[in-house]
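Structural overview for review
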Amino acid sequence: MTSQLDSLLDKPAADEGAARRRVPVVLTVALDQTYDYLLPEGIEAEPGSFVLVPFGPQSRIGVVWDGPVGEPGKAIEPNKLKTIAGRLDAPPLPPLSLKFAEWIARYTLSPLGMVVRMMMSARTAFEPVKPRFGVTLVEDAPSPARMTPARKRALEVAADGAIRAKSALAGEAQCSTGVIDGLVAAGNLVEVAIPEKRAALPDPKHHATEFTPEQARAAHALVSAVDAGNFSVTLLDGVTGSGKTEVYFEAVARTLGRDKQALIMLPEIALTDQFMRRFEARFGCAPVEWHSALSGPERGRVWRSVATGEARVVVGARSALFLPFKELGLIIVDEEHDSGFKQDDRVHYQARDMAVVRGNLGAFPVVLASATPSIESHVNARTGRYRHVVLPARYSGAALPEVTAIDLRKSPPDKGKWLSPVLVAAIAETLAAGQQTLLFLNRRGYAPLTLCRSCGHRIECPQCTAWLVEHRFRGRLHCHHCGFSIPLPEKCPKCGEPGALVACGPGVERVAEEVTERFPEARLALLSSDLVPGITEMREMIREIEAGGIDIVIGTQMVAKGHHFPHLATVGIVDGDLGLAQGADPRAGERTFQLLHQVTGRAGRAFAEGHGYVQTHMPEHPVMEAIIRGDREAFLEREIAIRRSGLLPPFGRLAALIVSARHKETAQLVARDIVRRAPPADRIEILGPAEAPLAVIRGRHRWRLLVKAPREIDVQAYLRAWLAAMPPLKGDIRLTVDVDPYSFL
Ligand code: ADP
Ligand code: ZN
């Protein structure tokens with residue numbers, strides 16, 4: 001709690017005896033009910049208001065709710081009720097945000113307080129706005145008694161009358177801030193508050209796009225959905241480079257014209273400045289951005305501007321959905337198939353699905369865009385629940401790249417190498433033609449496994465069921481699950497044999513090493529989240545690639561999303577089989593198809609001769625065949641049939657329960673006990689408990705249950721009744737509920 005908030009508590013309690021109202025408050029902690037508090041005389045707090053309340057020995061931020069939630073237990077005597085300490089100076093959550101929070105809490109079985117907490121993910125929005133101070137010239141002041149060259153320069157810069165931060169003025173005048181302070185003391189400069197910059201207003205008419213007839217039809221469909229002014233979901237299904245972005249910008253423009261706010265959601269790593277530039281070209285100014293790289297004060301400013309309605313268009317990652325929109329009228333979910341929209345931390349939610357819920361609550365259209373829509377969205381489009389708008393061709397007229405399978409059984413790489421001679425030849429040819437190559441491998445680091453040649457020992461994480469991954473640039477072994485890391489040992493930790501440790505298998509760093517050996521002249525870029533420090537650096541690298549300053553790009557899934565690389569002619573997938581190995585995951589085939597299609601689809605977007613190569617040990621696998629033949633329909637038919645017959649999503653519902661504890665036996669016993677207590681139900685199947693594939697994470701042993709039910713069954717109601725009847729969990733045991741799980745590890 002900040003001192004500012006604490007000082008509110010020090011104020012004398014409101015006048016005792018005066019008539020005071022009782023209001024329900026949701027506290028931002030893991031509790032699923034409201035608590036009643038008294039509202040002191042003279043303070044108004046409509047539902048949605050942020051208040052500071054005493055809770056146990058502490059003070060906490062709470063939100064005044066529009067009615068009681070949960071089972072507040074026996075009514076507390078009015079004279080025992082505690083009093084709200086004060087109201088925070090932040091715009092209240094709009095009524096729809098309260099409804100939305102309740103909906104998510106019910107659907108995900110998360111405590112309402114934790115959902116509300118996600119809606120406040122900008123601490124500084126709840127603190128008094130601190131004006132920033134700068135300096136400006138005092139006109140007509142007599143020249144300072146002592147005039148130095150530095151002072152002269154500073155006064156010359158300040159002569160334009162602008163307000164600048166001291167450091168900015170010092171920078172421009174190439175002097176120290178001490179010089180600026182001296183001029184303030186001399187009365188030639190004065191300190192004034194810097195006015196808050198207002199968000200620029202996007203202009204729907206700034207630049208009209210000239211559409212192809214197909215694009216125009218698609219844009220018209222989206223604009224009509226906006227004009228209808230009610231809830232609808234449209235699947236905008238168009239091949240990579242077909243102009244989906246340009247098309248949905250029309251719906252954004254129309255929404256602006258109707259004085260509503262619009263939200264464009266993208267997977268975090270697709271929030272490139274390429275996208276921001278395209279937005280600016282269309283609307284004349286940058287959108288308001290919301291992502292993890294914003295600073296605290298920026299988050300606060302964005303939060304408030306969304307609540308006041310000053311921000312008209314927000315472009316953001318999944319958490320942007322929880323901003324307090326005053327008058328939201330459209331949500332676009334771009335790359336809607338992306339599993340990054342699923343949050344697997346605290347509140348387990350699928351942001352794409354929750355965007356649809358938000359549209360329904362707010363009675364406005366939602367657009368889901370993708371070149372490889374999820375099976376869920378395909379099925380919804382086929383059954384007519386969603387509208388289906390298709391863009392079948394690339395805007396540039398270029399054909400989709402031809403994709404070739406490289407059968408690693410027939411043309412294997414040289415020993416200790418990872419690129420087949422066929423792929424090496426293709427890279428050489430591309431280089432010779434002055435074009436770009438992208439090599440994709442969804443594996444960070446140098447090698448996924450380090451093995452002792454002498455005793456066979458494999459180096460594992462001491463706290464997880466996972467091998468340590470070698471990161472050679474850093475000279476360390478890392479665990480990708482818990483962050484544990486050690487320097488690369490010189491001898492085997494088991495048998496002590498020096499120099500016997502060998503790296504097994506490739507990561508992107510190792511592929512980069514091979515490429516450097518083979519093509520020492522080529523300009524290389526290695527994109528991997530652990531090597532690129534932040535979103536700004538990533539944006540710079542993407543710009544460099546776009547500009548053609550790179551010959552060979554090697555990357556993890558960071559490169560797979562949303563980018564448009566005009567010089568890219570050849571794409572090589574180093575390990576096409578990697579994603580298919582996940583046995584228990586019903587979406588493994590779908591994800592592999594999407595990823596391979598998206599990555600190979602980066603090739604040749606601007607010219608005709610793009611080519612994709614997939615290295616695989618199983619070219620006859622149906623997913624591989626569909627990729628190579630470019631036969632999406634065949635893939636869909638097969639995948640939908642599998643899902644239907646197995647009652648898998650979207651034909652059935654899944655929920656995972658994960659029990660974890662320090663001791664394996666405890667976790668197992670509790671998991672068994674939970675299963676024993678499951679209420680009987682005809683059509684609900686409970687699978688497990690089984691030890692999780694990732695059996696131990698951070699020293700916690702994990703057991704999984706999977707609840708499976710037909711679509712029409714209310715799984716949440718079943719789970720709620722089940723969990724409510726369970727005795728409280730003791731000690732270090734934890735139970736996680738994941739409705740619609742995307743991870744089965
Ligand atoms: P998608 O989102 O379907 O992959 P984009 O919207 O990114 O496709 O379009 C691909 C490229 O084609 C972009 O560079 C975009 O600016 C260009 N483009 C698409 N449609 C048009 C159009 N009607 N006029 C001008 N450029 C267009
Ligand atoms: Zn670990």
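The preceding data block contains the structure.
Below you will find a few notes about this structure.

Here we come to the coordination of the zinc ion (ligand 2). At 2.2 to 2.3 Å from the zinc ion (ligand 2) lie its protein donor atoms, namely Cys-461 (SG), Cys-464 (SG), Cys-479 (SG) and Cys-482 (SG). In this structure, the zinc ion (ligand 2) is coordinated by four donor atoms arranged in tetrahedral fashion, with angles at the metal of 106 to 113°. Between consecutive donor residues of the zinc ion (ligand 2), the sequence gaps follow C-x2-C-x14-C-x2-C. Of this pair, Cys-464 sits in the loop between strand S19 (449-452) and strand S20 (469-471) while Cys-479 sits in the loop between strand S21 (476-478) and strand S22 (485-487), and the two are 15 residues apart along the sequence. Like Cys-479, Cys-464 is buried.

This part covers unusual backbone geometry. Cis geometry marks the peptide bond from Pro-649 to Pro-650, where omega comes out at 5°. The linkage connecting Gly-688 with the following residue, Pro-689, adopts the cis geometry, with an omega of 10°. Counting through the fold element by element, Pro-689 comes out in strand S29 (residues 685-697). Positive phi values are uncommon outside glycine, yet Glu-335 reaches one of about 55°. On the secondary structure map, Glu-335 appears in the loop between strand S12 (328-334) and strand S13 (342-345). Its relative accessible area of 11% is what places Glu-335 among the buried residues.

Let us look at the sheet that holds S29. With respect to topology, four strands assemble into an open sheet ordered S29-S30-S28-S31, the strand pairing being antiparallel. Two strands in the sheet have a free side with no partner beyond their single neighbour: S29 and strand S31 (734-739). On average, each strand axis in the sheet is inclined to that of its neighbour by 20°, with strand direction left out of account. The pairing of strand S28 (residues 652-661) with S31 spans six bridges and is classified as antiparallel. Across the sheet, residue Ala-656 finds its bridge partner in S31, namely Asp-738. Each of S28, S29, strand S30 (700-710) and S31 touches helix H19 (residues 664-676); the most contacted strand, S30, lies at about 20° to it.

Counting 83 residues, the largest nonpolar core has Phe-50, Val-314, Leu-321 and Trp-722 as the members making the most contacts within it. With six residues, the top contributor of residues to this core is helix H2 (residues 95-108). Dropping the residues within four chain positions of it, Trp-722 is found in contact with Leu-657, Ile-674, Val-675, Arg-677, Ala-678, Pro-679, Ile-686, Leu-705 and Val-707. Within the second largest apolar cluster, 65 residues are counted, among which are Ala-369, Val-389, Val-599 and Ala-626.

Reading across from one edge, S20-S21-S22 is the order of the three strands in this open sheet, with antiparallel pairing throughout. Both outer strands of the open sheet, S20 and S22, are each paired with one neighbouring strand and no more. On average, each strand axis in the sheet is inclined to that of its neighbour by 30°, with strand direction left out of account. Relative to S22, S21 runs antiparallel, the two being bridged by three bridges. Its bridge partner being in S22, His-478 is matched across the sheet by Ser-485.

What follows deals with the site of ligand 1. Neighbouring ligand 1 are 16 residues, the closest being Glu-210, Gln-215, Gly-241, Lys-244 and Arg-278. Gly-241 has a polar backbone atom sitting 2.7 Å from an oxygen atom of ligand 1. Within the side chain of Glu-246, an N or O atom sits 3.2 Å from an oxygen atom of ligand 1. Protein contact buries 79% of the 550 Å² of open area that ligand 1 shows by itself. Here the element with the most residues in the shell around ligand 1 is helix H8 (residues 244-257); it accounts for three residues. Considering only residue class, the shell around ligand 1 consists of three nonpolar, eight polar and five charged.

The subject of this paragraph is the pairing of strand S24 (residues 524-527). Strand direction decides the pairing type here: S24 and strand S25 (residues 552-555), joined by four bridges, are parallel. Across the sheet, Ala-525 pairs through a bridge with Val-553, a residue of S25. In the classification by handedness, the crossover that spans S24, the intervening helix H15 (residues 535-546) and the parallel S25 is right-handed.

Okay, H15 next. Between its first and last C-alpha atoms H15 spans 16 Å; for twelve residues at 1.5 Å apiece the expected length is 16 Å, and the two agree. Listed in full, the buried residues belonging to H15 are Ile-535, Met-538, Arg-539, Ile-542, Ile-545 and Glu-546. The buried residues of H15 occupy an angular sector of 120° when the element is viewed end-on, so they sit on one face. Packed against the buried residues of H15 are helix H9 (273-283), strand S10 (288-290), strand S18 (436-440), S24 and S25. Positive phi shows up at Gly-548, right after H15, with a value of about 85°.

Close contact between H2 and helix H11 (residues 351-362) brings their axes to 10 Å; oriented N to C, the two are set at 140°. Judged by the angle between their axes, H2 and H11 are oblique. For the crossing formed where H2 meets H11, the hand is right-handed. Contacts between H2 and H11 involve Leu-96, Lys-99, Phe-100, Trp-103, Ile-104 and Tyr-107 from the first element and Met-354, Val-357, Arg-358, Leu-361 and Gly-362 from the second. Residues of the contact of H2 with H11, tallied by class, amount to eight nonpolar, one polar and two charged.

Before going further, it helps to spend a moment on the pattern of salt bridges. Inspection of every chain in the model, using the stated rule, returns 42 salt bridges. A salt bridge links Glu-637 to Arg-382, with the nearest nitrogen and oxygen atoms 3.2 Å apart. Of the two residues, Glu-637 is situated in helix H18 (residues 632-645) and Arg-382 in helix H12 (residues 375-382); the sequence distance between them amounts to 255 residues. What makes Glu-637 partly exposed here is its relative accessible area of 44%. With a relative accessible area of 43%, Arg-382 lands in the partly exposed category. For Glu-620, the salt bridge goes to Arg-409, with nearest N and O atoms at 3.2 Å. You can see Glu-620 sitting in the loop between strand S27 (611-616) and helix H17 (622-629) and its partner Arg-409 sitting in the loop between strand S17 (402-407) and helix H13 (421-432), a full 211 residues away along the chain. Overlapping salt bridges bring together Asp-273, Arg-277, Arg-543 and Glu-546 as one network.

Reading the values: the criteria
- Residues numbered from 1 in each chain as written.
- Chains lettered and ligands numbered in written order.
- Predicted model: local features only at pLDDT ≥ 70, side-chain atom pairs only at ≥ 80, totals over all residues.
- Heavy atoms only, no water.
- Donors = N, O, S within 2.8 Å, 3.2 Å for Na, K, Ca; no water.
- Tetrahedral: all angles 85-135°; square planar, octahedral: opposite > 155°, others 65-115°.
- Helix = DSSP H or I, 4+ residues; strand = E, 2+ residues; numbered from the N terminus.
- Buried < 20%, exposed > 50% of the residue type's maximum accessible area, 1.4 Å probe, protein only.
- Pairing = 2+ DSSP bridges.
- Axes fitted to C-alpha atoms, helices over the stretch in contact; angles between N-to-C directions.
- Contact = heavy atoms within 4.5 Å.
- Core = buried A, V, L, I, M, F, W, Y, C linked by side-chain atoms within 4.5 Å.
- Near = heavy atom within 4 Å.
- Polar contact = N/O pair within 3.5 Å; in protein donor to acceptor, adjacent residues only side chain to side chain.
- Areas by Shrake-Rupley, 256 points an atom, 1.4 Å probe, with all protein chains shown as cover.
- Nonpolar A, V, L, I, M, F, W, Y, C, P; charged D, E, K, R; others polar.
- Right-handed = clockwise from strand over helix to strand, strands pointing away.
- Expected span 1.5 Å × (residues − 1).
- Arc of directions from axis to C-beta.
- Parallel < 35°, antiparallel > 145°, perpendicular 65-115°, else oblique.
- Left-handed = near helix turned anticlockwise from the far one by under 90°.
- Salt bridge = Lys/Arg side-chain N within 4 Å of Asp/Glu carboxyl O.

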